[in-house]
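Chain and residue survey
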Amino acid sequence: MTLDISIVPSAQPRSAAEVAEILADPGFGTHFTDHMFTVEWTPEKGWHDARITAYGPLTLDPATAVLHYAQETFEGMKAYRHADDSIWTFRPDANADRMKRSSHRLALPVLEPEDFVQAVDALVEVDQRWVPESGSEKSLYIRPFMIATEAFLGVRPSQHVTFMVIASPAGAYFKGGVKPLTLWLTEEYTRAGRGGMGAAKTGGNYASSLVAQQEAIGQGCDQVVFLDGAEGKYVEELGGMNMYFVFADGHIVTPETGTILEGITRSAIIELARKSGRTVEERKFSIDEWRDGVASGEIVEVFACGTAAVVTPVGTLKWAGGEVRGSAEPGDFTNEIRAALVDIQYGRTPDVFGWMHQVTKAE
Ligand SMILES: *Cc1c(COP(=O)(O)O)cnc(C)c1O
């Protein structure tokens, strides 16, 4: 706790009735809470001027570096309300550590993990009435991000950086039940290469995935799956979710880290599965192994995972000229691991891993 955060409450907070109406059906990423957190960095002063103020637009010089050269990193996490009305986040230190690694890759300054967690806690506490009711699979989605805010068109790391946190209530990802995704295998686009930014959570990776995602939609699929950039042979991940393959003998495989984004959901699943006695392999996993394994019945379940959707079953994989059909229903392990994770997040099961971080006390 090293940030000295000033709090200037919003002069026009949303009424209780407006908040209730939004929380009844929040959707995803469209409504924002009353406040935002901001802290600035310069080489001379380090991180300074930490504040929570009314949520609102930024005024940026048109030459602001991030608008031209995309020097930015971000995070995605959630706050959950438990049955006793206390509010918790899930492994915020892991998000903080990842932002540190992402920022290093993007030549941005380090925000110490304890300061990151302090900033998130402070905003969630101020806007706690925006955390949806417990027992609903709704949550408050939290978006910390760091942007290069120096007004300068030369190409070098920005000498003025801004870190902010905003928050947005999120509905249950699957309304009307979990439905398996159909994936499109892109053979034209890749998301990362050796030495690239694949392991950093940065907007550029998303910008480069959009055209591939459009291709997937055009092919009647839900999401795109990327292969490695070097050989076009190994499964990497989706635009914003990691992948898992469940074998008939019980072991599970997830692509190894390096050029993929190291998901916190991915790593929690590794620990949960190992604890339940399963063998988890982190290794290269080829597209041939996927296709042939599903066809032969050796692979019995495929799923994707990430903070927003938690765990999403994958049904069919399509590519130019072919497809393999998986199950139209989520598999047993997919359902079990999803339930195990959300039960910890919503405090319905003991947190034996020490993953939950308490932000506010029980009422
Ligand atoms: C954020 C992200 C994920 C999922 O990470 P979680 O920490 O589990 O939310 C996976 N892939 C990409 C590309 C991402 O940006």
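Bear in mind the structure is a predicted one, so any value in this text is a computation, not a measurement.

What counts and what doesn't
- Residues numbered from 1 in each chain as written.
- Predicted model: local features only at pLDDT ≥ 70, side-chain atom pairs only at ≥ 80, totals over all residues.
- Heavy atoms only, no water.
- Near = heavy atom within 4 Å.
- Polar contact = N/O pair within 3.5 Å; in protein donor to acceptor, adjacent residues only side chain to side chain.
- Areas by Shrake-Rupley, 256 points an atom, 1.4 Å probe, with all protein chains shown as cover.
- Nonpolar A, V, L, I, M, F, W, Y, C, P; charged D, E, K, R; others polar.
- Domains from an automatic or database assignment.
- Contact = heavy atoms within 4.5 Å.
- Buried area = accessible area lost by both parts, 1.4 Å probe.
- Salt bridge = Lys/Arg side-chain N within 4 Å of Asp/Glu carboxyl O.
- Helix = DSSP H or I, 4+ residues; strand = E, 2+ residues; numbered from the N terminus.
- Buried < 20%, exposed > 50% of the residue type's maximum accessible area, 1.4 Å probe, protein only.
- Phe/Tyr/Trp six-rings, centres within 6.5 Å; stacked < 30°, edge-to-face > 60°.
- Lys NZ or Arg CZ within 6 Å of the ring centre and 35° of its normal.
- Lys, Arg positive; Asp, Glu negative; His and termini not counted.
- Core = buried A, V, L, I, M, F, W, Y, C linked by side-chain atoms within 4.5 Å.
- Axes fitted to C-alpha atoms, helices over the stretch in contact; angles between N-to-C directions.
- Parallel < 35°, antiparallel > 145°, perpendicular 65-115°, else oblique.
- Left-handed = near helix turned anticlockwise from the far one by under 90°.
- Pairing = 2+ DSSP bridges.
- Right-handed = clockwise from strand over helix to strand, strands pointing away.
- Patch = residues over 30% accessible without salt bridge, like charges linked within 9 Å, V, L, I, M, F, W, Y side chains within 5 Å.

Brief notes about the site of the ligand
- Not every one of the 15 residues close to the ligand is listed here, only the nearest: Lys201, Tyr206, Glu237, Thr265 and Thr307.
- Lysine 201 is positioned with one of its side-chain polar atoms (N or O) 2.7 Å from an oxygen atom of the ligand.
- Isolated, the ligand exposes 380 Å² of accessible area, and the fraction of that covered by the protein chains is 97%.
- Among the residues forming the shell around the ligand, the class breakdown is four nonpolar, seven polar and four charged.

Quick look at the domain arrangement of the chain
- Here the domain parsing of the chain yields domain 1 (6–170) and domain 2 (181–345).
- Computed from C-alpha atoms alone, the centre-to-centre distance between domain 1 and domain 2 is 28 Å.
- In this assembly, 21 residues from domain 1 lie in contact with 22 residues from domain 2.
- Taking both sides of the interface into account, the surface hidden between domain 1 and domain 2 amounts to around 1800 Å²; carbon and sulfur atoms contribute 56%.
- Per-residue buried area on domain 1 facing domain 2 is highest for Phe74, Phe90 and Arg98; these three make up 32% of the total on that side.
- Remark: the boundary between domain 1 and domain 2 carries one salt bridge.
- Along the contact surface separating domain 1 from domain 2 lie 13 residue pairs in polar contact (both at pLDDT 80 or more).
- Contributions of two or more residues to the side of domain 1 that touches domain 2 are made by β4 (72–74), β5 (77–81) and α3 (92–105).

Points about the environment of proline 9
- As for its position among the elements, proline 9 is in the loop between β1 (6–7) and α1 (16–24).
- What makes proline 9 exposed here is its relative accessible area of 60%.
- In sequence terms proline 9 and lysine 275 are 266 residues apart; their C-alpha atoms lie 45 Å from each other.

Overview of the packing of aromatic side chains
- On inspection of all chains with the given rule, the structure shows 12 aromatic pairs.
- Between the aromatic rings of phenylalanine 32 and tyrosine 55, the centroid separation amounts to 5.2 Å while the plane-to-plane angle is 5°, which identifies the pairing as stacked. One end of the pair, phenylalanine 32, is in the loop between α1 and β2 (35–42); the other, tyrosine 55, is in the loop between β3 (46–54) and α2 (65–69), with 23 residues separating them in the sequence.
- On the basis of relative accessible area, tyrosine 55 is assigned to the partly exposed category, the value being 33%.
- Three or more aromatic residues joined by ring pairs make a cluster, and in this case those are Phe37, Phe116 and Phe163.
- The side chain of lysine 284 reaches across the aromatic face of tyrosine 234, ending 5.7 Å from its centre.

Quick look at the side chain of arginine 91
- Mapped onto the secondary structure, arginine 91 falls in the loop between β6 (87–90) and α3.
- Despite being buried, arginine 91 has no salt bridge partner; glutamate 271 is the closest side chain of opposite charge, sitting 4.1 Å away.
- Setting aside residues up to four positions removed in sequence, arginine 91 forms contacts with Ile264, Ser267, Ala268, Glu271 and Trp355.

Describing the nonpolar core
- Core analysis: the largest hydrophobic core is formed by 36 residues, its most contacted members being Phe37, Trp47, Phe116, Val124, Met146, Phe163 and Val165.
- Of all the secondary structure elements, the ones that give two or more residues to this core are α1, β2, β3, β5, α3, α4 (113–126), β7 (139–148) and β8 (161–170).
- A per-element tally of this core places α4 first, with seven residues.
- With residues up to four places along the chain from it excluded, the contact list for phenylalanine 37 reads Leu3, Ile5, Ala50, Arg51, Ile52, Ala119, Leu123, Phe163, Met164 and Val165.
- Listed in part, the 26 residues of the second largest apolar core include Leu272, Phe303, Val310 and Val342.

Quick notes on the packing of α3 against α4
- Axis separation between α3 and α4 bottoms out at 9 Å; the angle between their running directions is 125°. Taken as axis vectors, α3 and α4 run oblique relative to one another. The element α3 and its partner α4 pack so that their crossing is right-handed. Within the contact between the two elements, α3 uses Pro92, Asp93, Asn95, Ala96, Asp97, Met99 and Lys100 and α4 uses Pro113, Phe116 and Val117.

Some thoughts on the pairing of strand β9 (residues 181–185)
- Of all five residues that make up β9, five are buried, and the element is covered over most of its length.
- Along β9, one buried face is formed by Leu181, Leu183 and Leu185 and the opposite face, lined by Thr182 and Trp184, is buried too.
- When β9 meets strand β16 (residues 310–319), the two strands line up parallel, connected through three bridges. Residue pairing across strands places leucine 181 opposite valine 314, the latter belonging to β16.
- As paired elements, β9 and strand β10 (residues 223–227) share three bridges and run parallel to each other. Each bridged residue has a counterpart across the sheet, and for leucine 183 the counterpart in β10 is glutamine 223.
- Crossover handedness for the path β9 to helix α5 (residues 203–218) to β10: right-handed.

Considering a nonpolar patch on the surface
- On the surface, Leu58, Leu60 and Leu67 cluster together to form a nonpolar patch covering roughly 260 Å² of accessible area.
- Note that leucine 60 resides in the loop between β3 and α2.

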